[in-house]
There are 2 protein chains.
Amino acid sequence: MQHYTAPLADMMFQLAAFDYEAVTKLEKYAAFDLETTKMFLEQTGALASDVLLKSNRAGDVEGAKWDPETGAVKTATGYLEGHRALAENGYYGLTADDAHGGTGAPVTVGTLVKEMLMASNKSLSMCPGLTGGLIEALEAYGTDAQKETYLPQLASGEWTGAMCLTAPHSGPGLGLLTTKAAPAADGDGFTLTGTKIWITFGEHDLADNIVHLVLARLPDAPPGIKGISTFIVPKKLADGTKNGIACTGLEHKMGIHGSPTCVMDLEDARGWLVGEPNRGMATMFVMMNAARLFVGVEGISLSDIAYQAALAFAKERRQSRSMNPEKREGGTDADAILVHPDVRRMLLDVKSTTEALRGLAIFIGTHIDLAAAHPDEEVRQESDDLVALMIPIVKAFGTDRGFSNVSQAMQLCGGMGFTVDGEIEQYLRDLRIAAIYEGTNHIQALDLVGRKLPMGGGRLYGAFAKKVAEAVKSARAQEATRDFGDQLAAAFEALTEATEGLRDRAAQDPEALGAGASTYLTFFGLVTCAYTLLVQANHAVAENTANRRAKLGVTRHYFARVLPEMHAHAAILAADHTPITQFDDADF
Amino acid sequence: MQHYTAPLADMMFQLAAFDYEAVTKLEKYAAFDLETTKMFLEQTGALASDVLLKSNRAGDVEGAKWDPETGAVKTATGYLEGHRALAENGYYGLTADDAHGGTGAPVTVGTLVKEMLMASNKSLSMCPGLTGGLIEALEAYGTDAQKETYLPQLASGEWTGAMCLTAPHSGPGLGLLTTKAAPAADGDGFTLTGTKIWITFGEHDLADNIVHLVLARLPDAPPGIKGISTFIVPKKLADGTKNGIACTGLEHKMGIHGSPTCVMDLEDARGWLVGEPNRGMATMFVMMNAARLFVGVEGISLSDIAYQAALAFAKERRQSRSMNPEKREGGTDADAILVHPDVRRMLLDVKSTTEALRGLAIFIGTHIDLAAAHPDEEVRQESDDLVALMIPIVKAFGTDRGFSNVSQAMQLCGGMGFTVDGEIEQYLRDLRIAAIYEGTNHIQALDLVGRKLPMGGGRLYGAFAKKVAEAVKSARAQEATRDFGDQLAAAFEALTEATEGLRDRAAQDPEALGAGASTYLTFFGLVTCAYTLLVQANHAVAENTANRRAKLGVTRHYFARVLPEMHAHAAILAADHTPITQFDDADF
């Protein structure tokens, strides 16, 4: 039986630590003041724990079912109820503009909401997630008519959105796209033909209509990604007739069974161009930051619910005696396993990285909001830089660490963790895909080292360095946090050295970049989490908050027993990379 | 569609590198000379690839089915055929004495056979695995009559074996055992009553009879593990009637669906004592080394088959261009992904650790065989020491690394890796349990630091130090391996420092041992794999073997890009452990 308690206290604490107030002061987000935000998060927590969680197991066990006769897809028991609760309470248009029926929440709030929804029902929550992405794309590039036609219906959840990107055999490479768009004979839009795979919620029975954003090539489009255009293709046309797009099968996956992953066939499907011809990548990029942030949040969310399950188990299960006689409980043969150092190590590894990553998500969220709506251009630019730098890290490090955290929680529960009734095994299966989709974690690493670091001559890294220096300074001003400040300063220095080393190596041999990128990102992730925990510790001490002792304890654990993992990455990056690139192909 | 090619060439190479010849020279194993061993391994490889693999998917999809009416368990399609092939070819009694119908193979051969069987069908191969454990226990502690009654039938696979250890709510702690044995009214043996859980192949439809080894308490037995006795309880009695032991349910698990994990109820079941009353732990310990070695081999086996799947994918799948213009293929838009450094990194991480761990399994296997049958007591003792030291490492590091290797292979395959038809996802689910059963990996770590290191004043560590020194010396005598020798010497020195540091810390605070044990074992595992790879590289260079270039390439990768991970563990062990032990319980 799955349980979930939304971590509301930590969320509110972290909003304060990461100066969410600066966001609430923006005119655009004035409606989401601290009090409103708190109420909204409480409501979300209740919805997650009471409604969404209820169908999470059913989604896994029943899966989504495809009818080969009609192409229809039936979702699991309880999904419709969950969908309706999400729709009626404004979660489909959560961060969408209220001008078109959106809830108008800051992305900061969006990250916390996403965490709760994903923790309680990852599969179902992917539906509003994708719809949110489509809304964002239309807000940025849709015509006024398109906005009026689609946005209110999408924001209300009456209709849902889907992203038709991947062509068979093309993997993440959009350049190999084969779907073709030709001007419609009657002059109204285009007709699209081709096949798309890996389409999440491409077909289902939850909503009246499904609006697809489809990548396709116009006639005579240039080859590669410079010849991609974006089209809107609704399942049902305005007159109520069926459009030429249909689900021709579902993938069978290790996890997220409740989320239908569709093969979609387009045959003379009517579609309308969104944005400029051949500029489809711009439309895609607009959704990318939020989408990748939210995938990173998936790692946080399942870490947290798995932690809760493991902690409950550790308090209940009895096994052996404490090595410390003073900690042995009287009147029993065996202590609760929470007393054993290795059990505590696992819990603290998971807890500290989860809270650090939650901080990172909030940090990015606030800067997305500031970049979008702050009156000062300099602030917007700096926030934008921080977001651009941190997106690959939260996505890749968040999902890698999230997966190992869930695996750690399973290990703590032993055989119980491996059984289906023990809940954690579903989280492990559901989460594994997050390191793969929305750009594999290595693609994130290449984005980091190949695009984000060189940008503006290292301007993004410089913006983060400034943030780190501020946190170090605050830490050194307080006795309780001084050591952490010194340690973060040293860790950041080592990261800078690795950054320069990788850059120099890549100048000699471009393949060095690919060989080191994933290791480098993990290194960066560890240092980033040290930073976000230190911001929290600083705040807890400065404000003497209720969780002061806990936050200092978690930070202490992270700095002593997790951050030192960076020495592995530093050493690997310092070593020769040619064993990888010069290994003979015949010897694999 | 799953494929498997048994890694016979590497196995034969490694047998030579680890001086398997010393085993074949022992009188006991004279029948398994090099030529016979080669033929036997070839036969096993064919059986694995042709017969066992065929029912591996069916086992996963159909699972084992329990009939609540009769308590019968039906295994998946093709399991009976696989079982018969194993039985007829001598795999049930593989390492059993030929005096009682066993095949009489050395344990060294057993590890390689186990690797192939597990790679092709982990669930089904657990059945001969458990039977082998039971045979070992009876060989050591059974009466002559028991040996005659049971051994030939078990060795032929006509009957199979099961281990009934765990009581509900007791976890790995055998002290909490509740099953009771009372002398039978008619004086023939005992009657046993109680419930056992997690009983692998406790009930099934493959064999005529199932022989259970059951842990239970005699009347007036002392409390705890000193009051445990071992009984043999057959499903069918000699007169053909049903004994009082029945399967009352199956666990639903994340993986190994084909292997029935049974709840067994004993109600006045007739059983016969094996070994001395209250000395059941001795019987259990006799099986432990081989059982834990073989679980470690599970990690190797699924690493290897997952590597094969990922490699095939990497050669076929095209995506992007090489960063090195010289490596770009002509006449295509995209290169095979094998060209990309990160893909190669993942493949080499998996390949190098898999070959290193295979070496470790062979190393342990040969020393088990030498310890069992060498005429010189000093050799026996030294071999025994090496085995005792290395068993927790191969079990824990082998399964941890095996799991991360399979996950790495999945990552390489992207979305294809996550789909059910992509085969790797089954390996991931099947392997996860190996870090939990047969003593969790932390229990292995405690065994290493709490028992094995202090034994004989550090004698076991000394035996390994001698082996390392030999390998370093050989490496330094050859130009091509010299650097590796220096690196292993440095790594071993760092390990020794960490060993002493942990010991000193634990002398101050016993809880430090538990806090550091798992990290320490991983450190030890990394250094051990450097050792086993260096032995291979030394041999490849000295003998100028056909795989010389490949082995040197793999070793180069491991020393440059994997072994440096140890710096993480060294740093964590050097840090304060009290953040773990002094964290306030209320703050979790």
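None of the values given here were measured: they were computed from a predicted structure.

1. Remarks on the overall build of chain A
Secondary structure assignment for chain A yields 20 helices and nine strands. Since a compact globule built from 588 residues should have a radius of gyration of about 25 Å, the 24 Å found for chain A is in line with a globular shape. Projecting the C-alpha coordinates of chain A onto the three principal axes gives extents of approximately 80 × 60 × 60 Å. Out of the 588 residues belonging to chain A, those deemed buried represent 62%. Across chain A, the fraction of contacts at a sequence separation of at least 24, relative to all contacts at a separation of at least 6, is 76%.

2. Things to note about the packing of helix α10 (residues 341-373) of chain A against helix α18 (residues 548-562) of chain A
All names here are of chain A. One way to put it is that α10 packs onto α18 with a least axis distance of 9 Å and a crossing angle of 105 degrees. Our classification of the angle between α10 and α18 gives roughly perpendicular. Of the residues in α18, those in contact with Arg345, Leu348, Asp349, Lys351, Ser352, Thr353, Glu355 and Ala356 of α10 are Val554, His557, Tyr558, Arg561 and Val562.

3. A word on the interface of chain A and chain B
Chain A puts 68 residues into the contact, and the matching count from chain B is 70 residues. Where the side of chain A that touches chain B is concerned, the elements lending two or more residues are α10, α12 (415-418), α17 (511-542), α18, α19 (566-574) and α20 (578-581) of chain A. The leading source of residues in the side of chain A that touches chain B is α18(A), at seven residues. Taken together, the residues that form the side of chain A that touches chain B break down as 31 nonpolar, 19 polar and 18 charged.

4. Examining the environment of A:Ala537
Residue and element names in this part refer to chain A. Residue placement: Ala537 occurs in helix α17. For the pair formed by Ala537 and Asn547, sequence separation is 10 residues and the distance between their alpha carbons is 9.6 Å. With near-sequence residues (within four places) excluded, Ala537 lies in contact with Thr481, Phe484, Lys551, Leu552 and Thr555.

5. Observations regarding the domain arrangement of chain A
Segmentation of chain A into domains returns domain 1 (8-159), domain 2 (161-283) and domain 3 (448-588). Summarising the inter-unit geometry, the C-alpha centres of domain 2 of chain A and domain 3 of chain A are found 39 Å apart.

6. Focus: helix α15 (residues 459-476) of chain A
Residue and element names in this part refer to chain A. Over its 18 residues, α15 runs 26 Å from end to end, which matches the ideal 26 Å to within 8%, given 1.5 Å per residue. All of the buried residues along α15 are Leu460, Tyr461, Ala463, Phe464, Val468, Ala471, Val472 and Ala475. Looking at the buried positions of α15, the neighbouring elements they touch are α11 (377-413), α14 (441-452), α16 (482-508) and α17.

7. Comments concerning unusual backbone geometry
Residues and elements named next belong to chain B. Phi angles above zero are rare outside glycine, and Ile256 is one such case at about 35 degrees. With respect to the element layout, Ile256 can be found in the loop between β8 (245-250) and β9 (261-274). Overall, the presence of 28 C-beta atoms within 10 Å leaves Ile256 in the buried class. For Ser320, which is not glycine, the phi torsion reads 55 degrees and is therefore positive. Mapped onto the secondary structure, Ser320 falls in the loop between α9 (280-316) and α10 (341-373). According to the C-beta neighbour criterion, Ser320 is partly exposed, with 18 such atoms within 10 Å.

8. Side note on the packing of helix α1 (residues 8-17) of chain B against helix α17 (residues 511-542) of chain B
In a pair of packed helices, the angle between the axes and the distance between the axes together describe the arrangement. All names here are of chain B. Where α1 contacts α17, the two axes come as close as 9 Å, and the packing angle between them is 90 degrees. Between α1 and α17, the crossing angle belongs to the class labelled roughly perpendicular. The segment α1 lies against α17, with Gln14, Ala16 and Ala17 engaging Val535, Gln536 and His539. Partitioning the contact of α1 with α17 into residue classes produces three nonpolar, three polar and no charged.

9. Here we look at α10(A)
Over its 33 residues, α10(A) extends 47 Å from the first C-alpha to the last, a length consistent with the 48 Å expected when each residue adds 1.5 Å. Counting buried residues along α10(A), 31 of its 33 residues qualify, which places the element largely inside the surrounding structure.

10. Here we look at the pairing of strand β3 (residues 159-164) of chain A
Looking along a regular strand, one sees side chains alternate from face to face of the sheet. Residues and elements named next belong to chain A. Where burial is concerned, most of β3 is hidden: six out of the six residues are buried. Inspection of the sheet shows β3 paired to strand β6 (residues 209-216) by six bridges, in the parallel sense. Following the sheet pairing, Met163 is matched in β6 by Leu213.

11. Side note on the environment of A:Lys236
Residues and elements named next belong to chain A. With respect to the helices and strands, the residue Lys236 is situated in the loop between β7 (229-234) and β8 (245-250). Looking at Lys236, the number of C-beta atoms within 10 Å reads 15, which means it is partly exposed. With 27 residues separating them along the chain, Lys236 and Asn209 place their C-alpha atoms 6.0 Å apart.

12. Details of the nonpolar core
The nonpolar side chains of soluble globular proteins are, as a tendency, buried together. In this structure, A:Ala409, A:Ala530, B:Ala409 and B:Ala530 are the most contacted members of the largest nonpolar core, which totals 401 residues. Residue contacts for A:Ala530: discarding those within four places in its chain leaves A:Leu488, A:Ala491, A:Tyr558, A:Phe559 and A:Leu563.

13. Let's talk about the pairing of β7(A)
Residue and element names in this part refer to chain A. Counting buried positions over the six residues of β7 gives six, a clear majority of the element. Here β7 shows no split at all, with Ser229, Phe231 and Val233 on one side and Thr230, Ile232 and Pro234 on the other all buried. Judged from the six bridges that link them, β6 and β7 form a sheet pairing that is antiparallel. By the bridge assignment for β7, Leu213 is matched with Ile232. Bridge count between β7 and strand β9 (residues 261-274): three bridges; the pairing is antiparallel. Bridge pairing links Phe231 to Leu273 in β9.

14. Quick look at the relation of the copies chain A and chain B
Mapping chain A onto chain B calls for a screw motion: a turn of 180 degrees about the axis and a shift of 0.0 Å along it, with 0.0 Å RMSD after fitting. The two molecules are tied by a two-fold rotation axis, judged by turn and shift. Among all residues of chain A, the one whose C-alpha sits closest to the rotation axis is A:Ala568, at a distance of 2.4 Å.

15. Some details on the confidence of the model for chain A
Residue-level pLDDT values for chain A average 96, and 99% of them are 70 or greater. Our summary of model confidence lists the complex with pTM equal to 0.97 and ipTM equal to 0.97.

16. A word on the environment of A:Val535
Residues and elements named next belong to chain A. One can find Val535 in helix α17. Here the alpha-carbon distance between Val535 and Leu218, two residues 317 residues apart in the chain, equals 49 Å. Contacts of Val535, omitting those with residues within four sequence positions, involve Ala17, Phe18, Gly359 and Ala471.

Rules and cut-offs
Residues numbered from 1 in each chain as written. Chains lettered and ligands numbered in written order. Predicted model: local features only at pLDDT ≥ 70, side-chain atom pairs only at ≥ 80, totals over all residues. Helix = DSSP H or I, 4+ residues; strand = E, 2+ residues; numbered from the N terminus. Rg over C-alpha atoms; globule rule 2.2 N^0.38 Å. Buried ≥ 20, exposed ≤ 12 C-beta atoms within 10 Å, placed from the backbone. Contact = placed C-beta atoms within 7 Å. Axes fitted to C-alpha atoms, helices over the stretch in contact; angles between N-to-C directions. Parallel < 35°, antiparallel > 145°, perpendicular 65-115°, else oblique. Nonpolar A, V, L, I, M, F, W, Y, C, P; charged D, E, K, R; others polar. Domains from an automatic or database assignment. Expected span 1.5 Å × (residues − 1). Pairing = 2+ DSSP bridges. Core = buried A, V, L, I, M, F, W, Y, C linked by C-beta atoms within 7 Å. Least-squares fit on C-alpha atoms with pLDDT ≥ 70 in both. pLDDT = per-residue confidence, 0-100.

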